[in-house]
Amino acid sequence: MMGRFTKLYYLSMLIYAFGAVFFVLYSLIVMPVAEYYHEDVAQMVSPVFGNYSAFLGHLFLASIAVVTVSLLVFAISMIFARKDRVILSRRTMMLPVIMYAVAYLLLAGSSI
């Protein structure tokens, strides 16, 4: 039987995996391609996405929102782990922290 820590920990990792689609799409695919164009991104219009600048802004906000929700669920799971006196390995605690740092650094680096 899984405790509340385990359920929330896995839920945070599932949310992160879902959010990874957004921040990888934004920071590694869409934003670098937008930088290659010689015209202002705010003036570009796509038949699929509409105003390209608005699309980039919404994709960035969705990325930040999903990663932040995942981080909050992870923090709550750590609080429950302490309350329930669950002994966690360093790897279990540090790997998600590193993953969140990478996500935020990718988003910040591509937004500059």
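Here goes a summary of the coordinates provided. (Residues numbered from 1 in each chain as written. Predicted model: local features only at pLDDT ≥ 70, side-chain atom pairs only at ≥ 80, totals over all residues. Heavy atoms only, no water.)

## Here's the deal with the overall build of the protein
Next, step 1: A count of helical and extended segments in the protein gives three helices and two strands.
Next, step 2: Taken against the 2.2 N^0.38 rule, which gives 13 Å for 112 residues, the C-alpha radius of gyration of the protein at 17 Å runs more than 25% over that of a compact globule.
Next, step 3: Considering only C-alpha atoms, the protein reaches an extent of 55 × 20 × 15 Å along its principal axes.
Next, step 4: Buried residues in the protein amount to 32% of all 112 residues.
Next, step 5: Long-range pairs, those at least 24 residues apart, make up 76% of the contacts in the protein with a sequence separation of at least 6.
Next, step 6: Split by element, the accessible area of the protein, about 7500 Å² in all, is 71% carbon and sulfur.
Next, step 7: When the 7 basic and 4 acidic side-chain charges of the protein are each reduced to a single mean position, those positions are 34 Å apart. (Helix = DSSP H or I, 4+ residues; strand = E, 2+ residues; numbered from the N terminus. Rg over C-alpha atoms; globule rule 2.2 N^0.38 Å. Buried < 20%, exposed > 50% of the residue type's maximum accessible area, 1.4 Å probe, protein only. Contact = heavy atoms within 4.5 Å. Areas by Shrake-Rupley, 256 points an atom, 1.4 Å probe, with all protein chains shown as cover. Lys, Arg positive; Asp, Glu negative; His and termini not counted. Charge placed at Lys NZ, Arg CZ, Asp CG, Glu CD.)

## Thoughts on the pattern of salt bridges
Next, step 1: The final tally for this structure, using the stated rule, is one salt bridge.
Next, step 2: A salt bridge links Asp 84 to Arg 4, with the nearest nitrogen and oxygen atoms 3.0 Å apart. With a gap of 80 residues between them, Asp 84 in the loop between helix H2 (52-83) and helix H3 (90-111) and Arg 4 in helix H1 (residues 4-36) connect regions that are remote in the sequence. (Salt bridge = Lys/Arg side-chain N within 4 Å of Asp/Glu carboxyl O.)

## Things to note about the packing of aromatic side chains
Next, step 1: Inspection of every chain in the model, using the stated rule, returns nine aromatic pairs.
Next, step 2: Consider the rings of Tyr 9 and Tyr 10, whose centres lie 5.8 Å apart with planes at 65°: the pair is edge-to-face.
Next, step 3: Taking 5.4 Å as the distance between ring centres and 50° as the angle between the ring planes, the aromatic pair formed by Tyr 26 and Phe 60 counts as tilted. Residue Tyr 26 is found in helix H1, and its partner Phe 60 is found in helix H2; the two are separated by 34 residues along the sequence. (Phe/Tyr/Trp six-rings, centres within 6.5 Å; stacked < 30°, edge-to-face > 60°.)

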